[in-house]
Amino acid sequence: MTLNLLPLIDTQSITTPYTPQTQTRPLSLPSSPSAKRQKPNTNMMLDGYMFNKELRFVKKIGAGTYGLIYLVENIYTGRQYAAKMVLKQPPLPSATNSPSATPTTTTATATSSSSQLNKQQIQARFYNYFLTHLVPNPASINFEYIKSQGHDCPFLTEIALHLKVHEHPNVATIHEVFNLENFAIVILLDYFEQGDLFGNIIDKQIFQKHQPSFQKQLLMKNAMLQLVDAIEYCHQNSVYHCDLKPENIMVRYNPNYKRPMDSNSIIDYNELHLVLIDFGLAMESDLICCNACRGSSFYMAPERTTNFNTNKLIKSLVDMSQYPTMMKTNAFNESNCKYLPTLAGDIWSLGVLFINITCSRNPWPVASFTETNNDVFKNYILNNNKAILSTILPISHQFNTLLNKIFVLNPNSRIDLISLYKEIIRCNFFKDTHSHSYGVKQQQHHHRQQQHRQQPHAPNPQLYTPPESTAYNSYASEFEEEDEEDVQDEDNEEDYEVDEEYTDYEDDDYIDADEADESTLNTAQLPITPKEQTPQLKEYFLQDAKAYAKKICQSTLPQFAFDAIH
């Protein structure tokens, strides 16, 4: 351990807030523009201030419970970064029962007011620091040192975990870490001008408005597979994010990009590139205590919202003997003795993110039985009504079936990441197309589903993130406020049909043989169905539909798509 690094990891608690010291003006200043005294401003913003001799603050792009995120620019190269500045001693949360609060003030209002006050205090502290420093000279901290020793310092733990996985293309790259005396830690990250996934789903609607529309599903799969790939890489390196949500996923998207005709990969970073940020709640342990509430409410798995080992209802549904028990100590009790798999919580969060991407909605406010107005989740788990998602969301039963493998109450029974990756490739999110002809039951279900989709959906919260979570907010997000039979399991690859982006015809192009009269056939847009073939069409569908589908698929699909189906 080098001596000059020792002051950077002082783990003793700071008993008094940082107080800026008056700087003595030097007798003469260098001619460099970075040495000019910072000018005061009334709104306490850092725009135009110097971070060091090379980096200048451009604008604030995020604020959270512990610090600020600023866009900074190298004054010599013009390269831009996101500087995540985390206070070593954040201000204490403001009391919600302040004298100015009236008895009618709601808890939500008080919490929002407290959060806003905290952010103002954080802004003021950073402003005062940089105002009173002519040109700050933050010390750079060695990456290898952080990875090896960072777990002993509360300010560096998040960075140490992030550094273990930041070389993956779907994890934000850390370029440098600075220490600002006993005041703050600053992390220099990639800057994403287009912001986070939340804004791109809700405001920009990059998935819903994607053109050409028949490739919309391919764009969605591109996003999903990148997320699964990132979580699998983190898992391989014993890092578990524990706070997956759209605000913690940054986006680069090119709406004008056209995939090469000979492309055989669903993942294409030139079209869309997603990266994970904010490892503030990340863990290294593959097991998490049964009483841990870790994450953001919409995306937390049920084992994070409810103690599985003390809740009688859940204990009647899940055999808790399958989970390891901690060694008996003085702190040993029923509420903390069981440990559940950490990765399973991230897999649950991925399922909610997939619904965000496809439907711009959330399936439920929180995966908990105790919350009011949470009928969908209770029906889904308690009444085993697994088809309910396809009745409140515009999704296929095939996609519903895939989600059923994610949203499993027992963490040990959830789908693994490798299988999830393969099923996303094969799944059609919006249509239940099959290689065999439509039967009467499927056709009736299709009409019911179409009628349902033309009607307004049942009330359901849009993508919404509470004003404050236990994690540090996304650096680019200021967003604060929003029964049929199950089809048989789709495990058999032959049950999966062509994704809509690879075909020029729709579900309605498939006609039930029993209903194939001449008028219907004249209006259908089935490939290779001239009118004179009408008498033979019924027999063709009944006897040779599979061979027909294979012929069409092989002639029109990219090889990788054809291989995935067969």
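Source: prediction; values computed, not measured.

Trainee: I tried to follow the overall build of the protein chain on my own but got confused; where do I start?
Mentor: When its secondary structure is counted, the protein chain shows 16 helices and 10 strands. A total of 566 residues make up the protein chain; the buried ones form 51% of that total. Carbon and sulfur atoms make up 51% of the accessible area of the protein chain, which amounts to about 26,900 Å² in all.

Trainee: Honestly, a nonpolar patch on the surface in this entry has me stumped. Any pointers?
Mentor: There is a patch of nonpolar side chains on the surface, built from Leu313, Leu317 and Leu382 and spanning about 240 Å² of accessible area. Here Leu317 lies in helix α7 (residues 312-317). Among the residues examined, Leu317 registers a relative accessible area of 45% and is labelled partly exposed.

Trainee: Quick question: what am I supposed to make of the pattern of salt bridges here?
Mentor: Any two side chains of opposite charge can pair, so long as their charged atoms come close to each other. Evaluation of the coordinates by the stated rule reveals 9 salt bridges. Of the charged contacts in the structure, one is a salt bridge between Arg414 and Glu303, with a shortest N-O distance of 2.7 Å. Taken as a pair, Arg414 in the loop between α11 (397-406) and α12 (417-426) and Glu303 in helix α6 (residues 302-305) lie far apart in primary sequence, 111 residues in all. The burial state of Arg414 is the same as that of Glu303; both residues are buried. The residue Glu334 makes a salt bridge to Lys315 at a minimum N-O spacing of 3.2 Å.

Trainee: Help me understand the state of the cysteines, please; the structure alone is not making it clear to me.
Mentor: Two cysteines, two sulfur atoms, one covalent bond between them: this is a disulfide. Counted under the stated rule, the structure contains 0 disulfides. For Cys290, which is in no disulfide, the shortest distance to another cysteine sulfur is to Cys289 and amounts to 4.6 Å. Judged by its relative accessible area of 1%, Cys290 is buried.

Trainee: Would you mind showing me how to read the side chain of Thr358 here?
Mentor: Note on placement: Thr358 falls in helix α8 (residues 342-359). Residues contacting Thr358, with those up to four places away along its chain left out, are Gln208, Met220, Met224, Phe399, Phe429 and Phe430.

Trainee: It is not clear to me how the side chain of Asn400 should be interpreted in this structure. Could you clarify?
Mentor: Note that Asn400 resides in helix α11. Look past the residues within four positions of Asn400 in its chain and what remains in contact with it is Lys386, Ala387, Ile388, Leu389, Ser390 and Ile395.

Trainee: When you look at the environment of Ile415 in this model, what are you seeing that I'm missing?
Mentor: With respect to the helices and strands, Ile415 occurs in the loop between α11 and α12. Ile415 sits in the buried class, given a relative accessible area of 9%. Separated by 10 residues in the primary sequence, Ile415 and Lys405 have C-alpha atoms spaced 5.5 Å apart. Apart from residues no more than four positions distant in its own chain, Ile415 is found in contact with Ile347, Leu402, Lys405, Ile406, Leu420 and Glu423.

Reading guide: rules and limits
Residues numbered from 1 in each chain as written. Predicted model: local features only at pLDDT ≥ 70, side-chain atom pairs only at ≥ 80, totals over all residues. Heavy atoms only, no water. Helix = DSSP H or I, 4+ residues; strand = E, 2+ residues; numbered from the N terminus. Buried < 20%, exposed > 50% of the residue type's maximum accessible area, 1.4 Å probe, protein only. Areas by Shrake-Rupley, 256 points an atom, 1.4 Å probe, with all protein chains shown as cover. Patch = residues over 30% accessible without salt bridge, like charges linked within 9 Å, V, L, I, M, F, W, Y side chains within 5 Å. Salt bridge = Lys/Arg side-chain N within 4 Å of Asp/Glu carboxyl O. Disulfide = S-S within 2.5 Å. Contact = heavy atoms within 4.5 Å.

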